[in-house]
Amino acid sequence: MKRLQQLIDAVKRRGADIAPTYSEYLQLALALATDCGEAGRSVFHQLCSPSPKYRQADADRMYTRVLRDGRGEVHLGTVFHLARLAGVEIEGTGSKDANLQNLQNLQPGQILTHTHAYNRCSKAENPAIADDPATEEELPGSDPAIALPVFDDYAWPYPLAQVRQYGETPAQRDVLFLSTLVAIGACMGRHVRCQYGGKSYSPCFQLFVVAPPASGKGVLGFTRKFVEFPHFDIRRRVEKEMEAYRREKAVYDSLGKGRTEKEAPLPPKNRLFIIPGNNTGTGILQNLIDSDGTGIIFETEADTISTAIGTDYGHWSDTLRKAFDHDPLAYNRRTDREYREVARSYLSVILSGTPAQVKPLIPSAENGLFSRQLFYYMPSVSCWKNQFDCRDKDTDNAFRQLAGEWYKISCRMSQQGIFDLVLDEEQKAAFNRLFASLFEESACRMDNGLASSVVRLGIIACRMLSVVAMLRMLESGGPQTGKGLARPAPDTAPDNLKDGIITRWEVSIMPEDFEATLSLIQTLYCHAGHILSFLPDTQVARRPNADRTAFFKLLPDEFTRQEMLQVATLNGIGLKRADSWLRRLKQKGWVETQAGSGIYRKRKFI
């Protein structure tokens, strides 16, 4: 602890920010939590306090989280390494040359980055690139070498804040949050809209949660309650209509010859809200058209859908793609000359599956289904958890109560008209800055592998903003008293305003909610980049993967090769692989160096 105290004193004297980015901030917390436990909390605050971004409450939450969820893989050496990168040295830490010599004596370790079956193209499959030293080899596993980011804590509106409390890990909390967001968006359907790119979009998402087996993705089952309430309500009404139809049909059949003077009663539409994924191509169209284009597919095993799509009467992947843009859906049967259509589709999707289940559903990155999915990757479970220590919590019943309360709110909302999200000019500018940066980053770092995903992430972001804005407005009292977050549409007739008959509203989103929602997009972009590495690419022979992008972000703005190797070793990346990545970074123009200087400078994206 003496050397650690010397380091604290040196950091304070220099006023050095040794954790300027989130990745370094997380590494610092993990290292102190592993080797110091609760005693490291005060050290963490002292080392973070020189940063202009330091907030005591945020740092406290971070340290509490890593104490609970850390895997014990990062140690105190990382703290001194981060200090050296910031120019802080204390006696006894050793010279850079000695550290480099130690690093060069290490053997490159094998890292777990991709699913073996769906990894990057191998040298054997691509003889044209077999001699390229920068070509990435296939590696087993699916967890990334560098942990993917998770969502920051935030005071989300009801019920998003409540569902997060039931997650045991940051990934579980994120998955509960996202799946609830999708489920609630599905319930809002055509009643909530946002103008984007000259088109009106409702909050209908397609979420795919990917995780190794037994990683905790089963929590999705709890959020199904949010769509079961409208589903069961619709099915009860259909049953009543069917009973009335049977009575009318019995009377009609008893008329005998008198039936020629009356029209036969028509059976009611077989409406539903939760549409089964085990379906034929025509079957799913019929389900959607019967339900006026609205519904949600909620399957906890992605194989259910990929198997159904692969059957002789399946092939409805195009239905998922069309539904993303609310396109019309139709089918025609030759046998009875039946033609049916719906003008707009409002289909939401929640799926979960293992990394091996991604490719059967999405054959390649060029498949349009990939860019339309909202991906979240959950890491492998690293330790056993006592399943009996639940403190008598009935999570299933808690979600049932939350979902029931939300359904009552959504029913009242649907009777109040149409709600259009409207962003102010400052919010539009911030939105455009973020996505312009993500698009440029995708073009440069991922060889446009995520360009289409970034384009559609813009649509998804608008949908997420719509849901959050609506929930905040409803939480604040509704359109009539919602703290000015809703106002009648400008074209509302004066007489209607006088009589309180308002059928269309404009909704604003609070600046804090806007910023918090956009911060989710950057995290989801990283997760999509990792899922991309599971898929083969039919057009591009070589493409940087998610791990190399994450490695690039960990490097300081200026660094030497020795410092780059230190960062690689600390994150379990082999030295040969790190050198290969550095060559690729130079080739792509991500880093620049002056001849003979030995100093590399990163190109800025975000």
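Above: the structure in question.
What counts, and where the lines are drawn
- Along every chain, residues carry numbers that run from 1 in the direction the sequence is written.
- In keeping with the model being predicted, local features are shown solely for residues with a pLDDT of at least 70 and side-chain atom pairs are shown and tallied solely at 80 or more, while totals for entire chains, interfaces and linings include all residues.
- With hydrogens and water set aside, each side-chain value is computed from the structure's full complement of heavy atoms.
- Centres within 6.5 Å are what make two rings of Phe, Tyr or Trp a pair, Trp counting through its six-membered ring; a difference in plane orientation under 30 degrees is then read as stacked, over 60 as edge-to-face, and the rest as tilted.
- Counting from the N terminus, the helices are the DSSP runs of H or I reaching at least four residues and the strands are the DSSP runs of E reaching at least two.
- Accessibility here uses a 1.4 Å probe with only protein chains present; expressed as a share of the type maximum, an area under 20% marks a residue as buried, one over 50% as exposed, and anything in between as partly exposed.
- Whether two strands pair depends on DSSP finding at least two bridges between them.
- Axis definition: a line fitted to C-alpha atoms, limited for helices to the stretch in contact. Angles are taken between N-to-C directions and run from 0 to 180 degrees.
- Every residue pair with non-hydrogen atoms within 4.5 Å of one another is taken to be in contact.
- Here the expected span of a helix is defined as 1.5 Å times the quantity of residues minus one.
- Just to be clear on terms, a salt bridge is a Lys or Arg side-chain nitrogen sitting within 4 Å of an Asp or Glu carboxyl oxygen.
- Residues qualify for a patch when their relative accessible area is over 30% and they have no salt bridge, like charges being joined within 9 Å and the nonpolar side chains of Val, Leu, Ile, Met, Phe, Trp and Tyr within 5 Å.
- The accessible surface values rely on the Shrake-Rupley method and a 1.4 Å probe; as for residues, cover is taken only from the protein chains in view.
- Charge convention: Lys and Arg are scored as positive, Asp and Glu as negative, and His as well as the terminal groups of each chain are ignored.
- Working definition for charges: the position is that of NZ of Lys, CZ of Arg, CG of Asp or CD of Glu.
- Note that the term roughly parallel is reserved for angles under 35 degrees, roughly antiparallel for angles over 145, roughly perpendicular for angles of 65 to 115, and oblique for everything else.
- For this classification, the nonpolar set comprises Ala, Val, Leu, Ile, Met, Phe, Trp, Tyr, Cys and Pro, the charged set comprises Asp, Glu, Lys and Arg, and every other residue, Gly included, is treated as polar.
- A pair of sulfur atoms, both from cysteines and within 2.5 Å, is called a disulfide here.
- Here a crossing is taken to be left-handed if its near helix is turned anticlockwise relative to the far helix by less than a right angle, and right-handed if that turn runs clockwise.

A closer look at the packing of aromatic side chains
The way to describe two aromatic rings as a pair is by their centre distance and the angle between their planes. Enumeration over the complete set of coordinates arrives at 18 aromatic pairs. Judged by centre distance (4.8 Å) and plane angle (45 degrees), the ring pair of tryptophan 156 and phenylalanine 177 falls under tilted. One end of the pair, tryptophan 156, is in the loop between helix H6 (96–104) and helix H7 (160–164); the other, phenylalanine 177, is in helix H8 (residues 170–188), and 21 residues separate them in sequence. The class for tryptophan 156 is buried, based on a relative accessible area of 5%. Chaining the aromatic ring pairs together yields one cluster made of Phe151, Tyr154, Trp156, Phe177 and Tyr376.

Describing the sheet that holds strand S3 (residues 206–210)
With parallel pairing, 4 strands are arranged side by side in an open sheet as S4-S7-S3-S8. Every interior strand has two partners, whereas the edge strands, strand S4 (294–299) and strand S8 (374–377), have only one. Each neighbouring strand pair of the sheet contributes to a mean axis angle of 10 degrees, computed without reference to strand direction. Judged from the 5 bridges that link them, S3 and strand S7 (residues 346–353) form a sheet pairing that is parallel. Residue pairing for S7: valine 209 is matched across the bridge by serine 352. Strand contacts of helix H13 (residues 317–324): S3, S4 and S7, with the helix running at about 120 degrees to S7, the strand carrying the most contacts.

Let's talk about helix H16 (residues 395–414)
Look at H16: 28 Å from first C-alpha to last across 20 residues, which is about the 28 Å you get at 1.5 Å a residue. Among all positions in H16, only Thr395, Ala398, Phe399, Leu402, Ala403, Gly404, Trp406, Tyr407, Ser410 and Met413 are buried.

Considerations on the pairing of strand S1 (residues 192–196)
Here S1 pairs with strand S9 (residues 418–421) via 3 bridges, running parallel. Each bridged residue has a counterpart across the sheet, and for valine 192 the counterpart in S9 is phenylalanine 419. Pairing of S1 with strand S2 (residues 199–201), which is carried by 3 bridges, proceeds in the antiparallel orientation. Residue glutamine 195 lies in a different strand from S2, and its bridge partner there is serine 200. With antiparallel pairing between neighbouring strands as the criterion, S1 and S2 make up a hairpin whose turn holds 2 residues, including glycine 197 at a positive phi of roughly 65 degrees.

Quick word on the pattern of salt bridges
Following the criterion strictly, the structure yields 28 salt bridges and no others. Ionic pairing is found between aspartate 174 and arginine 164, a salt bridge with its closest N-O pair at 3.2 Å. Taken as a pair, aspartate 174 in helix H8 and arginine 164 in helix H7 lie far apart in primary sequence, 10 residues in all. Of the residues examined, aspartate 174 reaches a relative accessible area of 0% and is grouped as buried.

Focus on a negative patch on the surface
Judged by side-chain charge, Asp424, Glu426, Glu512 and Glu515 come together as a negatively charged surface patch. In this structure, glutamate 426 sits in helix H17 (residues 425–445).

Some words on the sheet that holds strand S11 (residues 504–507)
One open sheet accounts for 5 strands, arranged S2-S1-S9-S11-S10; its pairing is mixed. The open sheet has two edge strands with one neighbour each: S2 and strand S10 (486–488). Each strand axis lies, on average, 35 degrees off the axis of its neighbour in the sheet, ignoring direction.

A look at unusual backbone geometry
The omega torsion across tyrosine 158 and proline 159 is 0 degrees, close enough to zero to call that bond cis. Mapped onto the secondary structure, proline 159 falls in the loop between H6 and H7. Positioned with a positive phi, aspartate 292 is a non-glycine residue whose angle comes to about 60 degrees. Tracing the backbone through its elements, the reader meets aspartate 292 in the loop between helix H11 (281–290) and S4. Even without being a glycine, histidine 326 presents a positive backbone phi close to 60 degrees. Looking at the element boundaries, histidine 326 is found in the loop between H13 and strand S5 (329–333). Given the relative accessible area of 2%, histidine 326 is considered buried.

Quick look at the packing of H16 against helix H18 (residues 451–475)
H18 packs onto H16 with a crossing angle of 95 degrees between their chain directions and a minimal axis gap of 12 Å. Considering the angle they form, H16 stands roughly perpendicular to H18. Contacts between H16 and H18 involve Trp406, Ile409 and Met413 on the former and, on the latter, Met470, Leu471 and Leu474. A breakdown of the residues in the contact of H16 with H18 according to their chemical character gives 6 nonpolar, no polar and no charged.

Comments concerning the state of the cysteines
Disulfide: a covalent bond formed between the sulfur atoms of two cysteine residues. Evaluation of the coordinates by the stated rule reveals 0 disulfides. Cysteine 411 provides the cysteine sulfur closest to cysteine 187, a residue in no disulfide bond, and the two sulfurs are 8.9 Å apart.

Side note on the packing of helix H2 (residues 22–36) against helix H3 (residues 40–48)
The contact between H2 and H3 brings their axes to 9 Å, and the two run at 155 degrees. Taken together, H2 and H3 sit at an angle that is classed as roughly antiparallel. You can see that H2 and H3 cross each other, and the crossing is right-handed. Residues Tyr25, Leu28, Ala29, Leu32 and Cys36 of H2 pack against Gly40, Val43, Phe44, Leu47 and Cys48 of H3. Taken together, the residues that form the contact of H2 with H3 break down as 9 nonpolar, 1 polar and no charged.

Points about the environment of arginine 14
As for its placement among the helices and strands, arginine 14 is situated in helix H1 (residues 2–14). The exposure class assigned to arginine 14 is exposed, which follows from its relative accessible area of 52%. Considered as a pair, arginine 14 and glycine 87 are 73 residues apart in the sequence and their alpha carbons are 8.9 Å apart. Once residues lying within four places of it in the same chain are set aside, the contact partners of arginine 14 are Ala86, Gly87 and Val88.

Considering the pairing of S5
As defined by bridge partners, S5 adjoins strand S6 (residues 338–342) across 5 bridges and the pair is classed as antiparallel. For tyrosine 331, the partnering residue across the bridge sits in S6 and is arginine 340. In textbook terms, the turn of a hairpin is the stretch between consecutive antiparallel strands, and for S5 and S6 this stretch comprises 4 residues, one of which, arginine 337, has a positive phi near 55 degrees.

Limitation: the analysis is restricted to geometry and does not speak to function.
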